[in-house]
Amino acid sequence: MPSAAGGQKPDPDGQAAVTNWKVLGRGDGLSWLALEPVTGRTHQLRVHSAAMGWPIVGDNIYGNGPRFGEPSLHLHSREIVIPISRNKDPVRVLAPAPAHLHERLRACGWNGE
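These lines cover the structure that appears in this document, whether it is placed above or below. (Residues numbered from 1 in each chain as written. Predicted model: local features only at pLDDT ≥ 70, side-chain atom pairs only at ≥ 80, totals over all residues. Heavy atoms only, no water.)

**Here's the deal with the environment of Lys22**
- For Lys22, the position within the fold is in strand β1 (residues 19–27).
- A relative accessible area of 54% places Lys22 in the exposed class.
- Each C-alpha atom of the pair Lys22 and Leu33 lies 5.6 Å from the other, and the pair is 11 residues apart in sequence. (Helix = DSSP H or I, 4+ residues; strand = E, 2+ residues; numbered from the N terminus. Buried < 20%, exposed > 50% of the residue type's maximum accessible area, 1.4 Å probe, protein only.)

Here it is, written out as structure tokens:
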């Protein structure tokens, strides 16, 4: 998997990984993204974001976030959908954005929902 920090390099023998993404808003030199991991590799969203040149705010492994303190990692699982069976609707769980994300999300056009 490719990485942009820590001296790590793309591994030509690494497993393939796919992430779908969409820009939801922009502001103050930031972008608010919806990221959907199609595959499930370790740190996939963090690695892909850093490799594209836009590491996640507060990422102290793949970006330039601090080891301790602020900003903490600005990665949040907004929704998880778990298919149960063909005969039942999937289980869908929504979680509100945590408080430490609010300021930067608002700068990108988030309305609090």
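**Overview of the pairing of strand β2 (residues 30–37)**
- The sheet contact formed by β1 and β2 spans 8 bridges and is antiparallel. Each residue of the ladder has a partner; that of Gly27, found in β2, is Leu30. (Pairing = 2+ DSSP bridges.)

**Some words on the pattern of salt bridges**
- In the structure shown here, the tally under the stated rule is 2 salt bridges.
- Notably, a salt bridge pairs Asp59 with Arg46, separated by 2.7 Å at the nearest N-O pair. Of this pair, Asp59 sits in the loop between α1 (44–51) and β3 (79–82) while Arg46 sits in helix α1, placing them 13 residues apart in sequence. Neither residue differs from the other here; Asp59 and Arg46 are each classed as buried.
- As a salt-bridge pair, Glu79 and Arg92 come within 2.5 Å of each other at their nearest N and O atoms. With Glu79 in strand β3 and Arg92 in strand β4 (residues 91–94), this pair connects stretches of sequence that are 13 residues apart.
- Classification of Glu79 by relative accessible area gives partly exposed; the value is 39%. (Salt bridge = Lys/Arg side-chain N within 4 Å of Asp/Glu carboxyl O.)

**Digging into α1**
- Among the 8 residues in α1, 7 count as buried, and that is most of the element.
- Of the positions making up α1, those classed as buried are Gln44, Leu45, Arg46, Val47, His48, Ser49 and Ala50.
- Each element contacted by the buried residues of α1 is listed here: β1 and β2.
- Positive phi appears at Gly53, one or two residues downstream of α1, with a value of about 100 degrees. (Contact = heavy atoms within 4.5 Å.)

**Notes on the environment of Pro55**
- Relative to the assigned elements, Pro55 resides in the loop between α1 and β3.
- The class of Pro55 is partly exposed, set by a relative accessible area of 38%.
- C-alpha separation for the pair Pro55 and Gly65, spaced 10 residues apart in sequence, amounts to 9.2 Å.
- For Pro55, the contacting residues outside a window of four places in its chain are Ser49, Ala50, Tyr62 and Gly63.

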